[in-house]
Amino acid sequence: MGYSRILGTGSFLPEQVLTNAQLAERVDTSDEWIVSRTGIHARHIAAEEHKTSDLALKAAEAAIQSAGIDKHEIDLIIVATTTPDMVFPSTACLLQEKLGIPGCAAFDVQAVCAGFMFALVTANNYIKSGMARRALVVGAEIMSRVLDWDDRRTCVLFGDGAGAVILGDSDEPGILHAKLAADGRYKDILNTPAQISGGKIQGMPYLHMDGPAVFKFAVKALSDIAVKTLAEAGVDKSEVDWLVPHQANLRIIESTAKHLGLPMDRVIVTLPQQGNTSAASIPLALDSAVRDGRIHRGQTVLLEGIGGGFAWGAVLLKI
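Residues numbered from 1 in each chain as written. Predicted model: local features only at pLDDT ≥ 70, side-chain atom pairs only at ≥ 80, totals over all residues. Heavy atoms only, no water.

A. Just the packing of helix α7 (residues 211-233) against helix α8 (residues 250-260), in detail. It is the contact of α7 with α8, at a shortest axis distance of 9 Å, that shows an interaxial angle of 35°. Handedness of the α7/α8 crossing: right-handed. Side by side, α7 and α8 meet where F215, A218, V219, L222, S223, A226, V227 and L230 of the first sit next to R251, I252, S255, T256, H259 and L260 of the second. Along the lines of polarity and charge, the residues of the contact of α7 with α8 split into 9 nonpolar, 4 polar and 1 charged. (Axes fitted to C-alpha atoms, helices over the stretch in contact; angles between N-to-C directions. Helix = DSSP H or I, 4+ residues; strand = E, 2+ residues; numbered from the N terminus. Left-handed = near helix turned anticlockwise from the far one by under 90°. Contact = heavy atoms within 4.5 Å. Nonpolar A, V, L, I, M, F, W, Y, C, P; charged D, E, K, R; others polar.)

Pasting the structure below:
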């Protein structure tokens, strides 16, 4: 078996920005209340006419350009999303059509905020087994469509966006080790339980979250899986150049970094201006740090995320 390595990154954020001050005009909240509890100042909101596949397309095109490959070299497309364009076909198939590269395997992965981790690990296994050579892995979300904008506990947290990577086969190590986990017993503290039945929406179509319970679970789960991933890879904490965490809450990010002994200047944080973009948050943060020169070839990077399910994971890689 060979290796898989990230060849290029890309991202896209909608033009419209919704600030805390603007939110405070609609719900009983304030900039101070939001920032003190989450670290979020603003978030991007998709235009009404845009769908998740449109955001994914922009991020994918940027990643393809970054990788310097022809789009027809792509033989696998995986889109991680919890806000697909439609029930079916998959957002990956719709993205494939928009890219104009029919024929290759294309499917979605649903693990909410951990979706990009699950998609990246799946693509890695495809490449290592020889089933693919060039994989487009995308995390794309329009979370604003599943929010109750009168619920200040949840509507202040999320935003829209998309991030992507091109993963390719390599003779040199790229993805070093990964761990994924899930526990459906916690399904009730973070969910959007609606379903379509008889032509109507059955159940609550808005995101529900028990914030304190999520915080408590996330801090321990992310810290534990990060430590286990490093230990199984035989890599010491001190060898990690950058932590790229899921951007959900600044206190969760700070707690994980402290557990790993990493100063915050070695943690990529995009949360303040983007909010929680679910499956898009990790590739958005990764692309931001690659493009501004903080993350560069030869460095060791730890990605980690957690989302509803609960589902969580970590990926250790060489850029």
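Okay, back to it.
B. The arrangement of the UniProt feature "active site" (unreviewed entry) in the protein in detail. Per the UniProt record, "active site" (unreviewed entry) is found at C113, H246 and N276. In three dimensions, the annotated residues from a span of 164 residues occupy one location, with a maximal C-alpha spread of 8.5 Å. Those annotated residues from the list above that line the largest cavity are H246. Structurally, C113 is set in the loop between β5 (105-109) and α5 (115-128). (UniProt positions renumbered as here; feature names shortened; annotations may be inferred. 1 Å grid on protein atoms, 1.4 Å probe; cavity = no way out; pocket = protein on both sides within 12 Å on 5 of 7 lines; lining within 4 Å.)

C. Main features of the sheet that holds β5. What the 5 strands build is an open sheet, ordered β1-β7-β6-β4-β5; its pairing is mixed. With one partner strand each, in any of the chains shown, β1 (3-12) and β5 form the two edges of the open sheet. The mean inter-strand angle of the sheet, taken between neighbouring strand axes irrespective of direction, is 20°. In terms of strand pairing, β1 meets strand β7 (residues 160-170) through 9 bridges, oriented antiparallel. Within β7, the residue paired with I6 across the bridge is L167. (Pairing = 2+ DSSP bridges.)

D. Fine view of the domain arrangement of the protein. Considered domain by domain, the protein is made up of domain 1 (3-171) and domain 2 (176-318). Here the C-alpha centre of domain 2 lies 14 Å away from the C-alpha centre of domain 1. On the side of domain 2, 45 residues touch domain 1, which itself brings 50 residues to the contact. Summed over both partners, the interface of domain 1 with domain 2 buries about 3500 Å², with 66% contributed by carbon and sulfur atoms. Taken together, the links from domain 1 to domain 2 amount to 0 salt bridges. For the pair domain 1 and domain 2, the interface holds 17 residue pairs in polar contact (both at pLDDT 80 or more). Those elements that place two or more of their residues in the side of domain 1 that touches domain 2 are β1, α2 (31-38), β3 (42-45), α3 (52-67), α5, β6 (134-142), α6 (152-155) and β7. In terms of residue count, β1 provides more of the side of domain 1 that touches domain 2 than any other element does, 7 residues in total. (Domains from an automatic or database assignment. Buried area = accessible area lost by both parts, 1.4 Å probe. Salt bridge = Lys/Arg side-chain N within 4 Å of Asp/Glu carboxyl O. Polar contact = N/O pair within 3.5 Å; in protein donor to acceptor, adjacent residues only side chain to side chain.)

E. Structural context of the side chain of H44. Looking at the secondary structure, you find H44 in strand β3. Classification of H44 by relative accessible area gives buried; the value is 14%. Leaving out residues up to four positions away in the same chain, H44 has contacts with L13, P14, E15, Q16, V17, G159, D160, Q273 and Q274. (Buried < 20%, exposed > 50% of the residue type's maximum accessible area, 1.4 Å probe, protein only.)

F. Looking closely at empty space enclosed by the protein. Under the definition given, this model contains 1 cavity of 30 Å³ or more. In this model, the largest cavity occupies a volume close to 60 Å³. Lining the largest cavity we find L222, P245, H246, A248, N249, I252, I253, T256, E304 and I306. Considering every element that reaches the lining of the largest cavity, the biggest residue donor is α8, with 3 residues. Here the residues of the lining of the largest cavity are counted per class, giving 6 nonpolar, 3 polar and 1 charged. (Points joined across faces, edges and corners; volume = space filled by probe spheres on them.)

G. Spotlight on the nonpolar core. Formed by 44 residues in total, the largest nonpolar core has its most connected members in L302, I306 and F310. Elements that contribute at least two residues to this core include exactly α2, α7, α8, β14 (300-307) and β15 (311-318). Among the elements that line this core, the one with the most residues is α7, at 9 residues. Apart from the residues lying within four places of it in its own chain, the contact partners of I306 are C113, A114, F217, A218, A221, L222, H246, A311 and W312. Counting 36 residues, the second-largest nonpolar core is a separate cluster that includes A80, L120, V121 and A285. (Core = buried A, V, L, I, M, F, W, Y, C linked by side-chain atoms within 4.5 Å.)

H. How the structure looks around the packing of aromatic side chains. A complete count under the given rule lists 5 aromatic pairs for this structure. Seen in terms of ring centroids, Y186 and F217 are 4.5 Å apart; in terms of plane orientation they differ by 55°. Their pairing is tilted. Of the two residues, Y186 sits in the loop between β8 (175-182) and β9 (190-191) while F217 sits in helix α7, which places them 31 residues apart along the sequence. Since its relative accessible area comes to 32%, Y186 is described here as partly exposed. Aromatic rings pair up to connect Y186, F217, F310 and W312 into one cluster. Against the face of W33 rests R152, its NZ or CZ located 4.4 Å from the ring centre. The cationic tip of R251 hangs over the ring face of F215; the distance from NZ or CZ to the ring centre is 5.0 Å. (Phe/Tyr/Trp six-rings, centres within 6.5 Å; stacked < 30°, edge-to-face > 60°. Lys NZ or Arg CZ within 6 Å of the ring centre and 35° of its normal.)

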